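The lines below spell out each chain.
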Amino acid sequence: MKYIKDNLEKINASISDDVVLVAVSKTKPIADLQEAYDAGQRVFGENKIQEMVAKYDALPKDIQWHMIGHLQSNKVKYMAHFVDLIHGVDSFKTLKEINKQAKKHDRIISCLLQVRIAKEETKFGLPYEEISTILHAEELKNLTNINIAGFMGMATFTSDETILHEEFSLLKSFFEQNQPQHPNLKILSMGMSGDYKIGIRNGSTMIRVGSSIFGARNYIT
Ligand SMILES: *Cc1c(COP(=O)(O)O)cnc(C)c1O
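Scope of this entry: the structure provided in the associated data block. Small disclaimer: the values here were computed from a predicted structure and weren't measured.

Procedures and definitions
- Residues numbered from 1 in each chain as written.
- Predicted model: local features only at pLDDT ≥ 70, side-chain atom pairs only at ≥ 80, totals over all residues.
- Heavy atoms only, no water.
- Helix = DSSP H or I, 4+ residues; strand = E, 2+ residues; numbered from the N terminus.
- Rg over C-alpha atoms; globule rule 2.2 N^0.38 Å.
- Buried < 20%, exposed > 50% of the residue type's maximum accessible area, 1.4 Å probe, protein only.
- Contact = heavy atoms within 4.5 Å.
- Axes fitted to C-alpha atoms, helices over the stretch in contact; angles between N-to-C directions.
- Parallel < 35°, antiparallel > 145°, perpendicular 65-115°, else oblique.
- Left-handed = near helix turned anticlockwise from the far one by under 90°.
- Nonpolar A, V, L, I, M, F, W, Y, C, P; charged D, E, K, R; others polar.
- Salt bridge = Lys/Arg side-chain N within 4 Å of Asp/Glu carboxyl O.
- Near = heavy atom within 4 Å.
- Polar contact = N/O pair within 3.5 Å; in protein donor to acceptor, adjacent residues only side chain to side chain.
- Areas by Shrake-Rupley, 256 points an atom, 1.4 Å probe, with all protein chains shown as cover.
- Core = buried A, V, L, I, M, F, W, Y, C linked by side-chain atoms within 4.5 Å.

For the rest of this paragraph, the subject is the overall build of the protein chain. For the protein chain, the helix and strand inventory stands at eight helices and eight strands. For 221 residues, the compact-globule estimate of 2.2 N^0.38 gives 17 Å, and the protein chain sits close to it at 17 Å. Each of the three principal axes of the protein chain carries a C-alpha extent, and together these read 50 × 45 × 30 Å. Looking at the protein chain as a whole, 51% of its 221 residues are labelled buried. Taking all contacts inside the protein chain whose residues are at least 6 apart in sequence as the whole, residues at least 24 apart take part in 59%.

Glancing now at the packing of helix 5 (residues 128-136) against helix 6 (residues 161-178). Taken N-terminus to C-terminus, the directions of helix 5 and helix 6 make an angle of 20°; their axes are 12 Å apart at the nearest point. As the angle between them shows, helix 5 and helix 6 are arranged roughly parallel. Crossing handedness for the pair helix 5 and helix 6: right-handed. Of the residues in helix 6, those touching helix 5 at Tyr128, Ile131, Ser132, Leu135 and His136 are Glu167, Leu170, Leu171, Phe174 and Asn178. Split by residue class, the contact of helix 5 with helix 6 holds six nonpolar, three polar and one charged.

Okay, the pattern of salt bridges next. This structure, assessed with the given rule, holds nine salt bridges. Between Glu167 and Lys119 there is a salt bridge whose closest N-O contact spans 4.0 Å. Separated by 48 residues along the polypeptide, Glu167 in helix 6 and Lys119 in the loop between strand 5 (109-115) and helix 5 bring together distant segments of the chain. Assessed through its relative accessible area of 60%, Lys119 is described here as exposed.

On to the environment of Val19. In this structure, Val19 sits in the loop between helix 1 (3-14) and strand 1 (20-24). Since its relative accessible area comes to 9%, Val19 is described here as buried. Considered as a pair, Val19 and Ile200 are 181 residues apart in the sequence and their alpha carbons are 7.9 Å apart. Discounting chain neighbours no more than four positions away, the residues touching Val19 are Ile200, Ser204, Thr205, Met206 and Ile207.

On to the site of the ligand. The immediate surroundings of the ligand are formed by Val24, Lys26, Ile68, Met154, Met192, Ser193, Arg208, Val209, Gly210, Ser211 and Arg217. Ser193 has a polar side-chain atom sitting 2.5 Å from an oxygen atom of the ligand. The side chain of Arg208 places a nitrogen or oxygen atom 2.8 Å from a nitrogen atom of the ligand. When the free accessible area of the ligand is taken as 390 Å², the share hidden by the protein chains comes to 89%.

This part takes up unusual backbone geometry. In the Ramachandran plot, Thr27 falls in the positive-phi region, its phi being about 70° despite a non-glycine side chain. The residue Thr27 is located in the loop between strand 1 and helix 2 (30-38) in this model. Phi at Asp106 is positive, roughly 55°, even though this residue is not glycine. Here Asp106 lies in the loop between helix 4 (92-104) and strand 5.

Core analysis: the largest hydrophobic core is formed by 61 residues, its most contacted members being Leu95 and Phe151. The leading source of residues in this core is helix 6, at five residues. If we skip the residues at most four places from it in the chain, Leu95 touches Val89, Cys111, Leu113, Ile134, Leu140, Leu143, Ile146 and Ile148. Among the nonpolar cores identified, the runner-up in size contains eight residues, and Leu112, Ala149, Met152 and Ile187 belong to it.

Turning our attention to the packing of helix 1 against helix 2. Following both chains from N to C, one finds helix 1 and helix 2 inclined at 50°, their axes separated by 9 Å at the closest point. When the interaxial angle is binned, helix 1 and helix 2 end up oblique. Handedness of the helix 1/helix 2 crossing: right-handed. For the pair helix 1 and helix 2, contact is made by Tyr3, Ile4, Lys5 and Leu8 and by Asp32, Glu35 and Ala36, respectively. Residue classes in the contact of helix 1 with helix 2 are distributed as four nonpolar, no polar and three charged.

Right under this line is the structure:
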């Protein structure tokens, strides 16, 4: 089972130190995560809260857990005591719930707003205008237990580099436009196994890589 370590080494060798590699371990067994941990990996991404909680309980406590999946507000409470970054926030309601749960644990939880950058039909993420509305909302100032730390975007599922480049570079511009007014915006989460190189070329600071580390998943999630 040495392949996980080899895959991590290969990816780390190809990215610069200032890009954070999130090892997306959804559906994978604890043994695989432990192997990645033993190879030095400390940031893991999961898309189901129950699964992340179970893995958090079983694994060393210096792991940073990122929730990358779509959130059900009623489950935020189960991870509020430990989650390090929530990538897929796409409603004000969810921000309020995260704030409420973070407060209970006297924490400030960092969140990324998910922007709908793909031209293809997708349920998740908000169009640029709605992201702006959230960023400028008066009510946001009352949510003192969350930190909007940046944006996350998923590009169209395609191998057409022109499309990927267009979608990522637009998000990068939007990110830069907003930074002067919102200095907490520091993270741009763009890129998965198939497109992280293009994500990085377009300014990604964080990539979410699953299958290129752990191998193909057995089922779609
Ligand atoms: C599963 C998933 C990934 C990782 O996908 P791979 O193609 O296996 O690298 C990245 N981001 C999100 C939001 C995911 O759900």
